[in-house]
Amino acid sequence: MSRFELISTPIAGLTVVERQRRGDDRGFFSRFFCRDALADFGTGGTIAQINHTLTQAAGTIRGLHFQRPPHDEAKFVSCLSGAVFDVAVDLRPGSPTYLHWHGEVLSAHNGRSMMIPGGFAHGFQTLEDDCELIYLHDKPYAPDAEGGLNPLDPGLAIAWPLPIAQMSERDQALPVLTAAG
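Every value quoted in this text rests on a predicted model; they were computed, and no experiment measured them.

### What to know about the overall build of the protein chain
Part 1: Each helix and strand counted, the protein chain has two helices and 14 strands in total.
Part 2: Computed over its C-alpha atoms, the radius of gyration of the protein chain comes to 16 Å, within 12% of the 16 Å expected for a compact globule of 181 residues.
Part 3: On the principal axes, the C-alpha backbone points of the protein chain span a range of 50 × 35 × 30 Å.
Part 4: In the protein chain, buried positions account for 45% of the 181 residues.
Part 5: Summarising the internal contacts of the protein chain: among those between residues at least 6 apart in sequence, 76% fall at separations of at least 24.
Part 6: Accessible area for the protein chain stands at about 9,000 Å²; split by element, carbon and sulfur atoms hold 52% of it.
Part 7: Of the side-chain charges in the protein chain, 14 are positive and 21 negative, and the distance between the mean point of each set is 7 Å.

### Looking at the packing of aromatic side chains
Part 1: Tallied over the full model, the rule gives three aromatic pairs.
Part 2: For the pair phenylalanine 85 and tryptophan 160, a centre-to-centre distance of 6.2 Å together with 85° between the ring planes defines the contact as edge-to-face. Remark: tryptophan 160 occurs in the loop between β13 (146-148) and β14 (166-167) and phenylalanine 85 occurs in strand β8 (residues 83-90); sequence separation between them is 75 residues.
Part 3: Counting every residue linked through ring pairs, the aromatic cluster contains Phe85, Trp101 and Trp160.

### Some details on empty space enclosed by the protein
Part 1: Under the counting rule described, the total for this entry stands at one cavity of 30 Å³ or more.
Part 2: By volume, the largest cavity amounts to about 30 Å³.
Part 3: Classifying every residue of the lining of the largest cavity gives two nonpolar, two polar and three charged.

### Notes on the nonpolar core
Note on soluble globular proteins: their nonpolar side chains tend to be buried together.
Part 1: Judged by nonpolar contacts, the single largest core of 15 residues is most densely connected at Leu14, Met114, Ile116 and Leu133.
Part 2: Elements with a contribution of two residues or more to this core: β7 (75-81), β8, β10 (112-116), β11 (120-126) and β12 (131-137).
Part 3: In terms of residues, this core owes the most to one element, β12, which gives three residues.
Part 4: Ignoring anything within four residues of it in the chain, the contact list for isoleucine 116 reads Leu14, Glu73, Ala74, Lys75, Val77, Asp86, Ala88 and His122.
Part 5: In this structure, Leu64, Phe66, Phe85 and Ala121 belong to the second largest nonpolar core, which totals 13 residues.

### Let's talk about the sheet that holds strand β2 (residues 15-19)
Part 1: Across the sheet, six strands lie side by side as β1-β2-β10-β7-β12-β5; this open sheet has antiparallel pairing. Looking at the sheet topology across the chains shown, the edges are occupied by β1 (4-8) and β5 (49-55). Ignoring strand direction, the axes of neighbouring strands in this sheet form an average angle of 25°.
Part 2: Judged from the six bridges that link them, β7 and β12 form a sheet pairing that is antiparallel.

### Some remarks on the side chain of arginine 19
Part 1: By secondary structure assignment, the location of arginine 19 is in strand β2.
Part 2: The buried charged residue arginine 19 lacks any salt bridge, with glutamate 18 as its nearest oppositely charged partner at 9.3 Å.
Part 3: A polar side-chain atom of arginine 19 sits 2.5 Å from a polar atom in the side chain of serine 113.

Rules of the game
- Residues numbered from 1 in each chain as written.
- Predicted model: local features only at pLDDT ≥ 70, side-chain atom pairs only at ≥ 80, totals over all residues.
- Heavy atoms only, no water.
- Helix = DSSP H or I, 4+ residues; strand = E, 2+ residues; numbered from the N terminus.
- Rg over C-alpha atoms; globule rule 2.2 N^0.38 Å.
- Buried < 20%, exposed > 50% of the residue type's maximum accessible area, 1.4 Å probe, protein only.
- Contact = heavy atoms within 4.5 Å.
- Areas by Shrake-Rupley, 256 points an atom, 1.4 Å probe, with all protein chains shown as cover.
- Lys, Arg positive; Asp, Glu negative; His and termini not counted.
- Charge placed at Lys NZ, Arg CZ, Asp CG, Glu CD.
- Phe/Tyr/Trp six-rings, centres within 6.5 Å; stacked < 30°, edge-to-face > 60°.
- 1 Å grid on protein atoms, 1.4 Å probe; cavity = no way out; pocket = protein on both sides within 12 Å on 5 of 7 lines; lining within 4 Å.
- Points joined across faces, edges and corners; volume = space filled by probe spheres on them.
- Nonpolar A, V, L, I, M, F, W, Y, C, P; charged D, E, K, R; others polar.
- Core = buried A, V, L, I, M, F, W, Y, C linked by side-chain atoms within 4.5 Å.
- Pairing = 2+ DSSP bridges.
- Axes fitted to C-alpha atoms, helices over the stretch in contact; angles between N-to-C directions.
- Salt bridge = Lys/Arg side-chain N within 4 Å of Asp/Glu carboxyl O.
- Polar contact = N/O pair within 3.5 Å; in protein donor to acceptor, adjacent residues only side chain to side chain.

This is how it looks when you write it as structure tokens:
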């Protein structure tokens, strides 16, 4: 029996991973990540960095962030506490889904993760207070390769599920498509 169900999305390469839980009246056990089972993650399942975030207020948007080649990174994003609407935007030149986005609810209860390949921007909106996310990256962060798109860009038309409660000044100042280059 596989410990993971891999769910395709309308965007090639972007995958939802549902961890299979085994439980009883004490709780549950699930495998969080397995290099062999998730070999399609990044560069052969390699994890170079793990990051952990806490976002306190429901309705907060973080992102849309990415790393430019050759530092474009794959991310394995999971929600440890609360629930978020997690979004990936295809930035791969020549892709038939270039600038298309896909969103999924990730929560502590549903055991879902997003396996996001390099070449995507990523962001999320918290659906509850006190959301904690963990990110597994296949490459280390490269500050000089950092980029982003404005999460409110009308050209992307992301359907954020809640009214926006908070967004950093940095994310508000990210470029819209006409200025992103």
